[in-house]
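# What the coordinates show
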Amino acid sequence: MKENYLINLHSSIITDGEPETIDLTTTGSFYEKDGKYYVCYKESEATGFEGSMTTVKVWDNGASITRFGRHKSCLMIEKGITNLCNYDTPAGSLVLDINGVEITNNLSKKGGDINLSYTLNSGGLLISENSIKMNIREL
């Protein structure tokens, strides 16, 4: 993987009314294939998933976030749609409902911005409200 893009990621998670934010600046790869954009980067200690590789695939009305390595997960986020997803955490594996709230895709072949908002639910109960903002630009 040629890491020739700078990736700035800001993640916000609200659980039980308590906000938590994570900011990560890293390098990774970015490319377009068959009308979809792919962002690939290595996780770090800052995200809690050190030793994992993450691929974000973005299309017109949706995105998937797939994590490989020590902590595996695949989240499918589509506005107005609920998807079931497996999510590995340091405490164990969960099956979660992912409800897409908002997706903004301002990507071009040179990079750009992605904004994703979604909720995580389990057994009909809200676990968290989440947002991810990514800026991708060529080094």
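This text gives an overview of the structure that appears in the document. Predicted model, so just to flag it, every value in this text is computed and none were measured.

Scoring rules and cut-offs
- Residues numbered from 1 in each chain as written.
- Predicted model: local features only at pLDDT ≥ 70, side-chain atom pairs only at ≥ 80, totals over all residues.
- Heavy atoms only, no water.
- Phe/Tyr/Trp six-rings, centres within 6.5 Å; stacked < 30°, edge-to-face > 60°.
- Buried < 20%, exposed > 50% of the residue type's maximum accessible area, 1.4 Å probe, protein only.
- Lys NZ or Arg CZ within 6 Å of the ring centre and 35° of its normal.
- Salt bridge = Lys/Arg side-chain N within 4 Å of Asp/Glu carboxyl O.
- Helix = DSSP H or I, 4+ residues; strand = E, 2+ residues; numbered from the N terminus.
- Core = buried A, V, L, I, M, F, W, Y, C linked by side-chain atoms within 4.5 Å.
- Contact = heavy atoms within 4.5 Å.
- Pairing = 2+ DSSP bridges.

In total, this model carries three aromatic pairs according to the counting rule given. Ring geometry for F30 and Y37: centres 5.7 Å apart, planes at 0 degrees, overall stacked. What makes Y37 buried here is its relative accessible area of 14%. By way of ring pairs, the aromatic residues Y5, F30 and Y37 are connected into one cluster. Its guanidinium or amino end placed over the ring of W59, K36 lies 5.9 Å from that ring's centre, counting from NZ or CZ.

Our focus in this paragraph is the pattern of salt bridges. Any two side chains of opposite charge can pair if their charged atoms end up close together. Taken as a whole and assessed by the stated rule, the structure comprises one salt bridge. Where K79 meets E102, a salt bridge forms, and the shortest distance between an N and an O atom there is 3.3 Å. Taken as a pair, K79 in the loop between β6 (73–78) and β7 (82–89) and E102 in strand β8 (residues 92–108) lie far apart in primary sequence, 23 residues in all. Residue K79 is classed as partly exposed on the basis of its relative accessible area, which comes to 49%.

The biggest cluster of nonpolar side chains holds 27 residues, and the ones touching the most others in it are V39, Y41, I98, I114, L116, M134 and I136. Once you skip the residues sitting within four places of it in the chain, I98 turns out to touch L75, M76, I77, I81, T82, N83, C85, Y118, T119 and L120.

When strand β1 (residues 5–15) meets strand β2 (residues 18–33), the two strands line up antiparallel, connected through eleven bridges. Residue S12 lies in a different strand from β2, and its bridge partner there is T21. Linking β1 to β2, which pair antiparallel, is a turn of two residues; within it D16 sits at a positive phi near 50 degrees. With ten bridges connecting them, β1 and strand β10 (residues 125–138) associate as antiparallel partners. When the sheet's bridge partners are listed, Y5 is paired in β10 with E138.

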